[in-house]
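Analysis of the macromolecular model
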Amino acid sequence: MSTLQNRHRSTAPVNATRFRRCVGAAAAALAASAVLGGVAIAEQAAPDRAALLASLPQASALPAGFPAAGELAGRGVLHTAGGQWTFRQHDGGDTHGSDSLPIWEKRMRGGAHTQGAVFGVEDGAIVSTGYLVRQADLVAGNSFRNLSLRGQDFPAPQHLTVDFVAGETGVEDAYLLLWHFLPLEGEAGATLPLGPLPPVTSLPSRFTLYACEEFPEDFCPRMGRHHRDLSGGSTRHPTATGDDGVIYGEAAGKLIFIEYVFGQQDLMDGVSWPAIPLNGLPIPPINNLHLLHYNGEDGAPGRYTAHMYFVPESTYLSWDRQPAELE
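The present account deals with the structure reproduced in this document.

Calculation rules
Chains are numbered independently. Their residues run from 1 in the order of the written sequence. The predicted origin of the model limits local features to residues at a pLDDT of at least 70 and limits the giving and counting of side-chain atom pairs to 80 or more, whereas totals for whole chains, interfaces and linings rest on all residues. Hydrogens are left out, water is left out, and the side-chain values use all remaining heavy atoms of the structure. Secondary structure elements follow DSSP: runs of H or I no shorter than four residues count as helices, runs of E no shorter than two count as strands, and numbering proceeds from the N terminus. Each residue is placed in one exposure class: buried if its accessible area under a 1.4 Å probe, protein chains only, is under 20% of its type's maximum, exposed if it is over 50%, and partly exposed if it falls in between. We call two residues in contact whenever any of their non-hydrogen atoms come within 4.5 Å of each other. Areas reported as accessible are Shrake-Rupley estimates using a 1.4 Å probe. Residue values count occlusion only from the protein chains shown. Nonpolar core, defined: a set of buried Ala, Val, Leu, Ile, Met, Phe, Trp, Tyr and Cys residues in which side-chain atoms within 4.5 Å join the residues together. Classification of ring pairs uses Phe, Tyr and Trp, with its six-membered ring standing for Trp, and accepts pairs whose centres are within 6.5 Å; under 30 degrees between planes counts as stacked, over 60 as edge-to-face, and the remaining range as tilted. A ring is considered to have a charge above it if a Lys NZ or an Arg CZ atom is located within 6 Å of its centre and within 35 degrees of its normal. Two strands pair if DSSP finds at least two bridges between them. In this analysis, axes come from line fits to C-alpha atoms, helices being fitted only over the stretch in contact, and the angle between any two N-to-C directions falls in the range 0 to 180 degrees.

Secondary structure summary: the protein chain contains six helices and 16 strands in total. Burial status across the protein chain gives 50% buried among its 327 residues. By sequence separation, contacts in the protein chain at least 24 residues apart represent 71% of the contacts at least 6 residues apart. Roughly 13,800 Å² of accessible area belongs to the protein chain as shown, and the carbon and sulfur atoms make up 50% of that amount.

So, about the nonpolar core. In this structure, Trp179, Tyr248, Ile256, Ile258, Phe262, Leu278 and Met308 are the most contacted members of the largest nonpolar core, which totals 68 residues. Here this core takes seven residues from strand S13 (residues 254-263), the largest share from any one element. When sequence neighbours within four positions are dropped, the list of residues in contact with methionine 308 reads Leu160, Trp179, Ile256, Phe257, Ile258, Glu259, Tyr260, Leu278, Ile286, Asn288 and Leu289. Leu72, Leu78, Trp85 and Val118 belong to the second largest nonpolar core, which has ten residues in total.

This part takes up the packing of aromatic side chains. For any pair of aromatic rings, the description consists of the separation of the ring centres together with the inter-plane angle of the planes. Here the structure, examined in full by the defined rule, presents eight aromatic pairs. Plain terms: the ring middles of phenylalanine 66 and phenylalanine 119 are 5.5 Å apart, the flat faces sit at 75° to each other, and that makes the pair edge-to-face. Residue phenylalanine 66 is located in the loop between helix H2 (49-55) and strand S3 (68-71), and its partner phenylalanine 119 is located in strand S5 (residues 117-122); the two are separated by 53 residues in the primary sequence. Of the two residues examined, phenylalanine 66 and phenylalanine 119, each falls in the buried class. An aromatic cluster of at least three residues, connected via ring pairs, comprises Phe257, Tyr309 and Tyr316. In this structure, arginine 228 is placed above the aromatic ring of tyrosine 210, and the distance from its NZ or CZ to the ring centre is 4.8 Å. Directly above the aromatic system of tyrosine 294 lies the positively charged group of arginine 303, at a separation of 4.4 Å from the ring centroid.

A separate point is the environment of threonine 315. Inspection of the secondary structure assignment puts threonine 315 in helix H6 (residues 313-316). Note on threonine 315: relative accessible area 18%, which makes it buried. In this structure, the C-alpha to C-alpha distance between threonine 315 and methionine 223, residues 92 residues apart in sequence, is 9.6 Å.

What follows covers the sheet that holds strand S9 (residues 174-180). Taken in spatial order, the seven strands make up an open sheet running S3-S4-S5-S6-S9-S8-S14, and their pairing is antiparallel. Only two strands of the sheet have a single neighbouring strand rather than two, namely S3 and strand S14 (273-277). This sheet shows a mean twist of 30° between the axes of neighbouring strands, independent of strand direction. Alignment of strand S4 (residues 77-79) against S5, held across three bridges, turns out to be antiparallel.

Of all the ten residues making up S13, nine are buried; the element is thus mostly covered by neighbouring parts of the structure. The pairing of strand S12 (residues 247-251) with S13 spans five bridges and is classified as antiparallel. Pairing of glycine 249 across the sheet is with phenylalanine 257, part of S13. Where S13 lies against strand S16 (residues 303-309), seven bridges are found, and the strand directions are antiparallel. Bridge pairing in S16 places tyrosine 260 opposite alanine 306.

We now examine the sheet that holds strand S10 (residues 208-210). Taken in spatial order, the seven strands line up as S7-S15-S16-S13-S12-S11-S10 in an open sheet, and their pairing is antiparallel. Of all the strands in the sheet, just strand S7 (144-148) and S10 have a single pairing partner and so form its edges. Here the strands of the sheet are splayed against their neighbours by 30° on average, with no regard to which way each runs.

Put into structure tokens, the structure is as follows:
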């Protein structure tokens, strides 16, 4: 994450391209055997785990000073700065919800920050990346901005796990947010390369535009439009299956983020979310995350929105209104 290239338009990196080829082979294996001239053609074999691991960035590419720190929440060996468990600092403000965004725009910092960053490593390959945040900060309603996920040439993640780690760091109770580049089970879903953003028309018909009705064209400043399946709730329940509650963001006809919403009370109670899919439809690599707290009514616990953007923070925080175009 200290080597972040703050961009979202480029030629697909070699490792990411290799990963997509492996994923493509896996997708082909799911199809039924074809029949040509009455003769069944054997289906293509799915790539084995070794091939997928070889397609990912290697641990040798981590920034200097990122040795193994140990295991947390059963998510394998994690590497951290100095081999120590550190926590991501919150934004330091006392505002909540969308009121935070113009403040964040004024406070934008250049570069990337590895504070609280973790990298999961398996057989020499980086299989996941994420952050440690203090549970106490989530209980207090603090927000977090610009959590970079572009430290290496990572492909789009397959799943997100959100694990409560009680005392495992030896410091204090925390949450481990981890984006996984390999499927937790089954076959990998197809992904898109780093580069042009997918069109909003790629969303299934069950998704409907909602939110920010008080603004022209339902466009939330410094954020974008929101689309979700209105037949279900917007908050991700810990026992939910599939992509229940998933939200997609859009600007200028392009998808710019994928989002899930978490109940603050669940975070206060130390609940975990073991597998949150990010591969319901092909998405490009995630550039950054902001974890934004919204107050509840009458002092009740509120909610956290996890916007996972495909574009840099400096891009979307500059939007007072919808941009004219996005590549």
